[in-house]
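Residue-level structure breakdown
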Amino acid sequence: MHYNLSHLDQLESEAIFIMREVASQFQKPVLLFSGGKDSIVMVHLARKAFWPAKIPFPLMHIDTGHNFDETIKFRDDLVKETGAELIVASVQESIDKGRVVEEKGPNASRNALQTVTLLDAIEEHQFDAAFGGGRRDEEKARAKERFFSHRDEFGQWDPKNQRPELWNLFNGMKQIGEHFRVFPLSNWTEMDVWQYIAKENIPIPNIYYSHKRKVVERNGMLLAVSPYITIKDTEKVEERIVRCRTVGDMTCTGVVESPAAVIEDIIQEVAAARVTERGGRADDKRSETAMEDRKRQGYF
Amino acid sequence: MSETVSTEQYLNMDLLRFTTAGSVDDGKSTLIGRLLYDSKSIFEDQMNAVEEASRNMGDHTVNLALLTDGLKAEREQGITIDVAYRYFATPKRKFIIADTPGHIQYTRNMVTGASTANLAIILVDARHGVVEQTCRHAFIASLLQIKHLVLCVNKMDLVDYSEEAYNKIKEKFDDFSSKLEIQDIHYIPISALKGDNVVEKSENTPWYNGSTLLYTLENVHIASDYNFVDCRLPVQRVIRPQSDKFHDFRGYAGRVEGGIFKPGDDVLALPSGFTTKIKSIETYDQKLDEAFPPMSVCMTLEDEIDISRGDMIVKPNNQPEIGQDIDMMVCWLNDKKLIPGKKYAFKHTTKEGRCVVKEILYKVNINTLHKIEGETEMGLNEIGRIKIRTTTPLFFDSYKKNRSTGSIILIEEGTNETVGAGMII
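Since this is a predicted model, take the numbers as computed values, not measurements.

Attention now goes to the domain arrangement of chain A. All names here are of chain A. Domain annotation of chain A identifies domain 1 (7–193 + 288–297) and domain 2 (205–284). Here the C-alpha centre of domain 2 lies 23 Å away from the C-alpha centre of domain 1. Contact with domain 1, which involves 28 residues of that partner, is made by 26 residues of domain 2. Interface area lost by domain 1 to domain 2 is led by His66, Phe68 and Glu190, which between them contribute 29%. Scanning the region where domain 1 abuts domain 2 turns up 2 salt bridges. Note that glutamate 70 and arginine 213 form a salt bridge whose closest N and O atoms lie 3.7 Å from each other.

Here is the structure:
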């Protein structure tokens with residue numbers, strides 16, 4: 001039938017609807033931007049939602065300081081192109097101020113520290129809604145997330161006591177000091193995101209494509225060698241042809257061996273993948289409920 | 001998903017949202033597990049994690065329910081607390097499953113899952129047949145106006161694939177469902193555990209000539225589930241760039257919730273009542289020749305008239321009902337009871353306001369469908385018919401005519417919790 005939207009068009013329309021609801025229901029929204037593909041897709045959707053006006057909220061990067069150089073350059077170019085405002089909240093500053101203490105040891109990561117920096121920044125700027133790129137297919141605790149996810153005055157998520165979400169009626173009512181996390185990509189899968197990037201021709205950082213990189217194998221994962229990780233004596237640094245399946249903090253984002261040089265190759269690779277994309281994330285492997293525990297505290 | 005994925009094919013897939021219901025131990029998790037597993041939507045690391053968790057919990061077999069029971073409390077107690085959403089795709093369609101738990105808070109969860117579903121799967125155990133819960137699930141599906149229902153008679157392997165057992169259940173459900181308003185009912189004898197008639201047609205049921213479950217899910221006709229007749233655009237936001245390039249641009253952003261709008265069409269704005277013509281329908285990529293549900297668009301009009309969030313753009317010759325006294329079925333979602341005289345906040349399309357509950361007309365016994373009159377309050381998981389009065393007029397259709405302009409939620413003003421799900425009559 002002619003009057004039938006494809007599933008990707010429906011997902012796009014749903015995400016745009018959510019973004020417009022947030023811009024209208026809240027006083028001061030912000031889009032959490034990590035430089036990863038999901039947040040890049042969100043920026044693209046935000047441009048579409050408010051065009052020809054500019055994106056009516058700032059982007060905020062919670063910066064662990066452990067970035068791939070390519071991510072930062074990409075971020076700055078995107079901000080210039082869209083004319084959006086960029087706020088950088090630094091984990092290093094949280095450490096310097098004594099708000100958090102750096103983890104020790106070879107597996108040290110700033111991933112968990114981000115939560116404090118994020119919640120401090122939300123409080124400082126008085127944001128009342130923060131867009132996240134989380135998807136329900138990513139992880140089992142995320143499968144229970146709402147589109148509009150309530151956070152109490154401590155930024156905590158209470159998964160056992162969530163508001164029912166019916167039809168397309170999104171309840172963003174809250175007390176002063178509380179905020180919402182909003183997930184416009186809730187119903188997207190990893191494959192949907194890649195197909196959408198291909199369909200819309202959305203530029204992504206080149207680390208998503210195959211390149212040569214020095215890596216070290218740890219706990220069955222390949223980690224990119226950088227000044228931010230400590231190489232153990234028993235570990236061997238090798239140069240391999242790899243790409244990032246997700247992009248996050250360098251200390252806990254694994255890379256995968258891959259010859260995928262163009263988006264079509266990535267799509268074939270995702271279709272054949274037998275491991276979830278978060279399978280390459282050390283931050284999720286710390287315990288069975290690592291994601292739920294972090295989310296309860298206020299993580300993305 | 002197949003080994004190679006063509007982008008062209010992927011872009012043409014449509015979307016089916018369905019909900020699954022069944023009483024405890026009807027094999028719902030097993031069925032979902034099988035659909036995910038057979039469509040290669042379960043990944044190795046997920047399967048490994050589930051295997052390990054099953055071992056840790058002392059289970060001898062892999063407990064596929066752990067795929068959907070993601071929360072710590074759910075795993076500890078071995079129950080599903082909340083609606084979980086799962087995704088899988090075949091080359092024809094992408095599917096969103098709203099998996100609603102059968103234990104506590106059942107009605108609340110099923111209503112939530114059903115509110116966005118095109119189709120409901122209800123499972124019955126072939127040994128036990130149609131039970132009270134089956135009727136309750138079917139009633140909720142009907143109340144929420146789910147257009148398609150699939151009754152899966154599960155565990156056929158435990159009744160020796162008996163045609164007689166299947167027919168008995170089918171007859172009994174046929175009888176009950178004649179009192180409901182579901183247009184399209186399918187019956188399928190399956191064994192989720194053994195895989196009979198789930199993805200592959202079973203040799204154990206030669207007497208069954210119908211389709212497998214997956215074939216039904218892939219082919220059920222959903223293109224006409226939206227209302228393409230009555231034009232409705234609830235305005236979400238006015239877009240005014242005020243830039244040099246778009247100095248005078250004023251667009252009305254929203255999602256089309258009914259009908260087909262075209263540039264040049266006469267339209268009427270509510271509540272002002274002013275009429276004008278559509279100048280253009282804009283998206284970031286292109287100007288559109290037409291807009292239909294569920295597209296998110298931005299509309300510009302020939303004349304500058306006063307329109308803001310909560311208003312609605314419709315056709316002069318096809319207007320919704322307008323009023324402050326609203327008669328509706330409501331499902332109560334909260335421990336705090338609904339009491340006549342109490343005030344609540346509400347959300348209806350893009351409109352927000354306050355309302356007072358005037359009267360409870362009756363409650364429904366959802367197992368027998370009997371009406372109970374003379375009630376003075378409604379509690380958690382109860383369904384009934386109420387009258388409310390709103391502070392401002394609503395522009396609405398009956399829920400039967402349009403799920404978007406006919407649905408409303410009630411919000412407790414102290415806690416801001418969503419406490420009631422209303423379907424306007």
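This part covers the sheet that holds strand E5 (residues 148–151) of chain A. Residue and element names in this part refer to chain A. The sheet built from 6 strands is open, its strands ordered E3-E2-E1-E4-E6-E5 with mixed pairing. Either end of the sheet is taken by a strand with one partner, and the two such strands are strand E3 (86–90) and E5. The average angle at which neighbouring strand axes cross in this sheet is 30°, direction not considered. Both strand E2 (residues 59–63) and E3 contribute to a ladder of 5 bridges, which runs parallel. Within the sheet, the bridge partner assigned to aspartate 63 lies in E3 and is serine 90. Against the sheet, helix H1 (residues 7–25) touches strand E1 (29–32), strand E4 (129–131), E5 and strand E6 (179–182), its axis set at about 40° to E5.

Right, let's talk about the sheet that holds strand E1 (residues 14–22) of chain B for a bit. Residues and elements named next belong to chain B. Ordered by their spatial adjacency, 6 strands build an open sheet running E2-E3-E1-E4-E5-E6, and the pairing between neighbours is mixed. Strands at the two margins of the open sheet, each flanked by one partner only, are strand E2 (84–89) and strand E6 (184–189). When strand polarity is set aside, the average angle formed by the axes of neighbouring strands in this sheet is 25°. Contacts from helix H6 (residues 132–143) reach E1, strand E4 (119–125) and strand E5 (148–154), with the element oriented near 175° to E4.

Moving on: the environment of B:Asp82. Among the secondary structure elements, B:Asp82 is positioned in the loop between helix H4 (72–77) and E2. Here B:Asp82 falls in the buried class, since its relative accessible area comes to 5%.

With 74 residues of chain A at the contact, the number on the chain B side is 93 residues. Counting each side, the surface lost to burial between chain A and chain B is near 7,300 Å², with a carbon and sulfur contribution of 56%. The tally of links from chain A across to chain B stands at 4 salt bridges. Among the salt bridges present, the one from A:Glu21 reaches B:Arg309, with a minimum N-O distance of 2.9 Å. Per-element tally for the side of chain A that touches chain B: the top contributor is H1(A), with 13 residues.

Reading the values: rules and limits
- Residues numbered from 1 in each chain as written.
- Chains lettered and ligands numbered in written order.
- Predicted model: local features only at pLDDT ≥ 70, side-chain atom pairs only at ≥ 80, totals over all residues.
- Heavy atoms only, no water.
- Domains from an automatic or database assignment.
- Contact = heavy atoms within 4.5 Å.
- Buried area = accessible area lost by both parts, 1.4 Å probe.
- Salt bridge = Lys/Arg side-chain N within 4 Å of Asp/Glu carboxyl O.
- Pairing = 2+ DSSP bridges.
- Helix = DSSP H or I, 4+ residues; strand = E, 2+ residues; numbered from the N terminus.
- Axes fitted to C-alpha atoms, helices over the stretch in contact; angles between N-to-C directions.
- Buried < 20%, exposed > 50% of the residue type's maximum accessible area, 1.4 Å probe, protein only.

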